[in-house]
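# Descriptive structure summary
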Amino acid sequence: MIVADRKKIPQIRDMVKNHRRVLLVGCGTCVTVCLAGGEREVGILGSALRMALRLQHHDVVVDECTIERQCEDAFIDILAQRAPEYDAICSLGCGAGVQALAERFSNIAVYPGLNTQFMGILESQGVWTEKCSGCGNCLLGEFAGICPITRCAKHLLNGPCGGSRGGKCEVNANIDCGWQLIHDRAGKLGILDPFEQIVPPHDWSTGLDGGPRKVVREDQCIAGLGPKS
Ligand code: SF4
Ligand code: SF4
């Protein structure tokens, strides 16, 4: 899932304080699961934000709603009637959701209420960890199911580096060395042999450095309604 956490109340207050009517919009998918931007969090933020604005004598109406997914126009449709009543939207979706709302409502200011962090998993109650950097050319099959790009602080494909100590990363002693994890798991699976060879450089052309990426599934496109350029 996409993991995010909420911006501090004063930061959100300062973004919206010069508006008259603000709609807080939650998202019912990833950010609900990571407890950052679902219906419950919208309610909590709404109460805290109203109070923070009032304490500074800002006369701003703050209303709340949550839609199923902010990153799909079909779900944003639900806001089509209501959104024009506001001069600002504060999204509690991920960065994709914020931008989808901004594209849809070009005359309304749209602000991010969350800081989008990473793609990851729930490690334990209240703890999420990053697992994938979305490189566009997945190598998990060659690295025992553990991502060297994300889990190694130096993104090494030929690790470990010389700084791995006691299974921990030299960059941060609180995180496991990704390469220790890869070696341990590969050893258990009996697939250590390939790690004797030098892995050639990764093809980064599929990554973010080439600009925003696009996935087009021709078989799913409707004739005459092709992808937006
Ligand atoms: S190799 Fe790329 S796609 Fe696969 S988990 Fe790592 S970053 Fe994600
Ligand atoms: S200690 Fe391990 S995880 Fe940290 S940079 Fe070196 S190889 Fe990567």
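Here's a quick rundown of the structure. Think of each chain on its own: its residues are numbered from 1, step by step along the sequence as written. Ligands are numbered from 1 and chains lettered from A, in the order in which they are written. Totals for whole chains, interfaces and linings use all residues, but because this is a predicted model, local features are given only for residues with pLDDT of at least 70 and pairs of side-chain atoms are given and counted only at 80 or more.

### Overview of the site of ligand 2
Near ligand 2 you find 15 residues, and of these Cys152, Pro160, Cys161, Cys169 and Cys177 are the closest. When residues are grouped by polarity, Ala, Val, Leu, Ile, Met, Phe, Trp, Tyr, Cys and Pro land in nonpolar, Asp, Glu, Lys and Arg in charged, and all others, Gly among them, in polar. Its residues assigned to classes, the shell around ligand 2 comprises nine nonpolar, four polar and two charged. In this entry, near means the residue's backbone-placed C-beta atom lies within 6 Å of the molecule or strand.

### A short note on the sheet that holds strand 6 (residues 114-124)
If you walk across this open sheet you meet the three strands as 1-6-7, and the pairing is antiparallel. Only two strands of the sheet have a single neighbouring strand rather than two, namely strand 1 (2-6) and strand 7 (127-132). The average undirected angle you get between the axes of adjacent strands in this sheet is 70°. Here five bridges tie strand 6 to strand 7, and the two strands are oriented antiparallel to one another. For Ser124, the partnering residue across the bridge sits in strand 7 and is Val127. Whether two strands pair depends on DSSP finding at least two bridges between them. Helix numbering and strand numbering both begin at the N terminus, where a helix is a DSSP run of H or I of at least 4 residues and a strand a DSSP run of E of at least 2. To obtain an axis, a line is fitted to C-alpha atoms, over the contacting stretch when the element is a helix, and the angle between two such axes runs from 0 to 180 degrees between their N-to-C directions.

### Quick word on the site of ligand 1
Taken together, Cys132, Ser133, Gly134, Cys135, Cys138, Leu139, Leu140, Cys147, Ile149 and Thr150 make up all the residues around ligand 1. Looking at the shell around ligand 1, its residues break down into seven nonpolar, three polar and no charged.

### Some details on the sheet that holds strand 5 (residues 109-112)
The parallel open sheet is built from four strands, whose spatial order is 3-2-4-5. The open sheet has two free edges, formed respectively by strand 3 (61-67) and strand 5, since each of these has just one partner strand. The mean inter-strand angle of the sheet, taken between neighbouring strand axes irrespective of direction, is 25°. Both strand 2 (residues 21-27) and strand 3 contribute to a ladder of seven bridges, which runs parallel. Residue pairing across strands places Val22 opposite Val62, the latter belonging to strand 3. The strands touched by helix 1 (residues 9-16) are strand 2, strand 4 (88-92) and strand 5; relative to strand 4, the strand with the most contacts, the crossing angle is about 155°. Residues are scored as being in contact if the C-beta atoms we place from backbone atoms lie within 7 Å. Across the sheet, helix 5 (residues 95-104) touches strand 2, strand 4 and strand 5, and the angle it forms with strand 5 is around 175°.

### Thoughts on helix 3 (residues 39-55)
In a helix, the anticipated span is given by 1.5 Å times the number of residues less one. A rise of 1.5 Å per residue sets the reference length of helix 3, with its 17 residues, at 24 Å; its end C-alpha atoms lie 24 Å apart and thus fit the reference within 8%. Considering only its buried residues, helix 3 is in contact with strand 1, helix 1, strand 2, strand 3 and strand 4. One or two steps after helix 3, the chain reaches His57, where phi turns positive at roughly 60°.

### Let's talk about the nonpolar core
In this usage, the nonpolar core is the set of buried Ala, Val, Leu, Ile, Met, Phe, Trp, Tyr and Cys residues whose C-beta atoms join them within 7 Å. Whether a residue is buried, exposed or partly exposed follows from its count of other C-beta atoms within 10 Å of its own C-beta, namely 20 or more, 12 or fewer, or something in between, respectively; the C-beta atoms are built from the backbone. In terms of nonpolar packing, the biggest core is built from 38 residues, with Val22, Leu24, Val31, Ile89 and Leu92 touching the most fellow members. In this structure, Phe143, Cys152, Leu181 and Ile182 belong to the second largest nonpolar core, which totals eleven residues.

### Some details on helix 5
Since the α-helix packs 3.6 residues into each turn, any two residues three or four apart lie on the same face. Of all the positions in helix 5, only Gly97, Val98, Ala100 and Leu101 are classed as buried. Taken around the axis of helix 5, the buried residues stretch over an arc of 165°, which confines them to a single face. Against the buried residues of helix 5 lie strand 2, helix 4 (73-76), strand 4 and strand 5. Taking the helix axis as origin, the arc is that swept by the directions to the C-beta atoms.

### Things to note about the environment of Cys152
Mapped onto the secondary structure, Cys152 falls in the loop between helix 6 (148-151) and helix 7 (178-189). You can call Cys152 buried: it has 25 C-beta atoms within 10 Å.

### Considerations on the pairing of strand 2
Looking along a regular strand, one sees side chains alternate from face to face of the sheet. For strand 2, the tally of buried residues reaches six of seven residues, placing the bulk of the element in the interior. Looking at chain direction, strand 2 and strand 4 are connected through five bridges and run parallel. The residue of strand 4 that forms the bridge with Val25 is Ser91.

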